[in-house]
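Examining the three-dimensional arrangement
Here's the letter readout for the chains.
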Amino acid sequence: MQIDFTKILVVGVSSRALFNLEEEEKIFKEKNVRGFREYQFANEDKLLEKGTAFPLVEALLKLNKHVDSKKPIVEVVIMSKNSPETGLRILKSIQHYELPITRWAFSAGEPLAPFIKAFNIDLFLSKDENDVQKIIDSSSCATALVYDPPADFKPETERVKFAFDADAVVFSEESEIIYKTQNIDAFHQHEKANENVPLNDGPFAALLRKLSDIQDQLPVEKELSPLRIAIVTARNSPSHMRVVKTLRSWNVYVDEAYFLGGWPKAPVLEAIGTHIFFDDQDRHLVDSQTKVPCGKVLYKSDSILKTFENEMIVKSKKTVNQ
C-alpha cells in the first residue's frame, strides 16, 4: 500500500545526536575505522547515554499514542555512517530505552545527503557539520547542527515542544540581511512598511507547516494539543506584526510567540521547557544550549548571510592578531 508521507512527520536523526557518542568519535579520529570497530565490538553490550535529540525523539514518538496505531503521524529514522556491525550497539540501546523506531540507515561512511529524499525526511538532526551543510545545500529538508545536551534538562514526556527563531530560520534571510548590512532602524522601517506582505519561506518553513498539519490530525483542539510550537525572536515592535500576519497567511497555528527585542533567549526557552530550539546565530545559542537542547541552522554556502558570516570571522581573527 502506498504511504502518504504528507500526513507523517519523518525525523532523521544521527546516532551521535540521539546518543552520547563523543568518546567513540574521538576513538574514530585517533585510531581510524579499525580501532573504532574493535572498540564497538568490545563495548557492544555497554548502554549508550542519551544525547541531545533523545528527549525530542522520545516525546515525538509518543504522539502516535493519540492516533490509530496503523496510521502513525511520526516516524523516526536513525541515519548513521556506521556500518551495520558497528551500529549494533546503537540498536541495542534503542531496544533498551524501548524507543519504537523501526527504520535505520547505516551507510558505512557514505554521505547521508542522498538518502534524505529516499527516506522522505522532513527534519534531520546531526552533530556532523559537514553532513548538515551538504544537506542544507542540496535539499529542501530542514536540518540543524545540534549542540551538546544541557546538563540538567528535565523535559516533559507527554507533550513535545518546538521553538524557532524567526528570520533565516522560519522566514527567509532577506529581512535579516537589512539588519546586518544596514542597521536596526532600517530593519524596523522595512518591516513596518511591509507589514501586510507575507515573509518568504525560510529553511524551516516547510517543517513548521508540517507540524501545524500534524496538530490538525491529533484528536484535540489545537489549543490543547500535546504538540506545541513557539516562536522566540529578537524582533520587537514595530517589526512583530509582520511575523503574526505571515503565520496567519500561511494558516499555521503557533501556540506561543516571544518578541524579545535583543533580550537573552535562554531564560525564556528554559521557562517554555522546549525539547529543541532552532536558531541561526551562535550568540543566541551559546547560553540557550546550557538550558535546553539546541540546533544551529546553517546558511546555504552561496547565501548572502554565509558570505557575511565568513567576512565577520575574518575580521574577528584580524582583530585578535592585532
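Residues numbered from 1 in each chain as written. Predicted model: local features only at pLDDT ≥ 70, side-chain atom pairs only at ≥ 80, totals over all residues. Heavy atoms only, no water.

Some words on the nonpolar core
- Grouped together as the largest cluster of nonpolar side chains are 57 residues, with contacts concentrated most on Leu 125, Phe 162, Phe 164, Phe 204 and Phe 278.
- Ranked by residue count, the leading element in this core is helix α3 (residues 54-62), at six residues.
- In contact with Phe 204, other than residues within four places in its own chain, are Leu 123, Ala 142, Thr 143, Ala 144, Phe 164, Val 169, Val 170, Phe 278 and Val 297.
- Tyr 147, Leu 260, Ile 272 and Leu 285 belong to the second-largest nonpolar core, a separate cluster that totals 13 residues. (Core = buried A, V, L, I, M, F, W, Y, C linked by side-chain atoms within 4.5 Å. Buried < 20%, exposed > 50% of the residue type's maximum accessible area, 1.4 Å probe, protein only. Helix = DSSP H or I, 4+ residues; strand = E, 2+ residues; numbered from the N terminus. Contact = heavy atoms within 4.5 Å.)

A look at the packing of aromatic side chains
- Applying the stated criterion to the full structure yields 10 aromatic pairs.
- Plain terms: the ring middles of Phe 28 and Phe 36 are 5.7 Å apart, the flat faces sit at 90° to each other, and that makes the pair edge-to-face.
- For the pair Phe 162 and Phe 164, a centre-to-centre distance of 6.0 Å together with 5° between the ring planes defines the contact as stacked. Here Phe 162 and Phe 164 have matching classes, each one buried.
- Chaining the aromatic ring pairs together yields one cluster made of Phe 162, Phe 164, Phe 204 and Phe 278. (Phe/Tyr/Trp six-rings, centres within 6.5 Å; stacked < 30°, edge-to-face > 60°.)

Focus on the state of the cysteines
- Here the structure, examined in full by the defined rule, presents zero disulfides.
- In this model Cys 141 remains outside any disulfide bridge; the closest cysteine sulfur is found in Cys 294, 19 Å from its own.
- When its relative accessible area of 0% is taken as the criterion, Cys 294 is described as buried. (Disulfide = S-S within 2.5 Å.)

Focus: the pairing of strand β9 (residues 276-279)
- Residue alternation in β9 divides its side chains into two sets, Ile 276 and Phe 278 and Phe 277 and Asp 279, and both sets are buried.
- Bridging between strand β6 (residues 160-164) and β9 involves three bridges; their strand directions are parallel. By the bridge assignment, Phe 164 is partnered in β9 with Phe 278.
- Note that β9 and strand β10 (residues 294-296) share three bridges and pair parallel. Bridge pairing links Phe 277 to Cys 294 in β10.
- Following the backbone out of β9, through helix α12 (residues 282-288) and into the adjacent parallel β10, one traces a crossover that is right-handed. (Pairing = 2+ DSSP bridges. Right-handed = clockwise from strand over helix to strand, strands pointing away.)

Quick notes on the sheet that holds strand β4 (residues 123-126)
- Within the open sheet, the 10 strands sit side by side as β3-β2-β1-β4-β5-β10-β9-β6-β7-β8. Their pairing is mixed. The two strands at the open ends of the sheet, each matched to only one other strand, are β3 (103-106) and β8 (256-259). Each strand of the sheet is rotated relative to its neighbour by a mean of 25°, with strand direction disregarded.
- With four bridges connecting them, β4 and strand β5 (residues 142-146) associate as parallel partners. (Axes fitted to C-alpha atoms, helices over the stretch in contact; angles between N-to-C directions.)

Digging into the side chain of Arg 89
- Here Arg 89 shows up in helix α4 (residues 88-96).
- The exposure class of Arg 89 is buried, given its relative accessible area of 3%.
- Within the structure, the side chain of Arg 89 is placed 2.7 Å from the side chain of Glu 24, a separation counted as a polar contact.
- Not counting chain neighbours up to four residues away, the residues in contact with Arg 89 comprise Glu 24, Tyr 39, Gln 40, Asn 43, Glu 44, Lys 46, Leu 47 and Leu 48. (Polar contact = N/O pair within 3.5 Å; in protein donor to acceptor, adjacent residues only side chain to side chain.)

Considering α3
- Among the nine residues in α3, seven count as buried, and that is most of the element.
- All of the buried residues along α3 are Phe 54, Pro 55, Leu 56, Val 57, Ala 59, Leu 60 and Leu 61.
- On its buried face, α3 is in contact with β1 (9-13), α1 (15-18), β2 (74-80), β4, β6 and β9.

Observations regarding empty space enclosed by the protein
- Applying the stated rule across the entire model yields one cavity of 30 Å³ or more.
- Lining the largest cavity are Ala 59, Lys 62, Leu 63, His 66, Thr 157, Glu 158, Arg 159 and Val 160.
- Its residues placed into classes, the lining of the largest cavity shows three nonpolar, two polar and three charged. (1 Å grid on protein atoms, 1.4 Å probe; cavity = no way out; pocket = protein on both sides within 12 Å on 5 of 7 lines; lining within 4 Å. Points joined across faces, edges and corners; volume = space filled by probe spheres on them. Nonpolar A, V, L, I, M, F, W, Y, C, P; charged D, E, K, R; others polar.)

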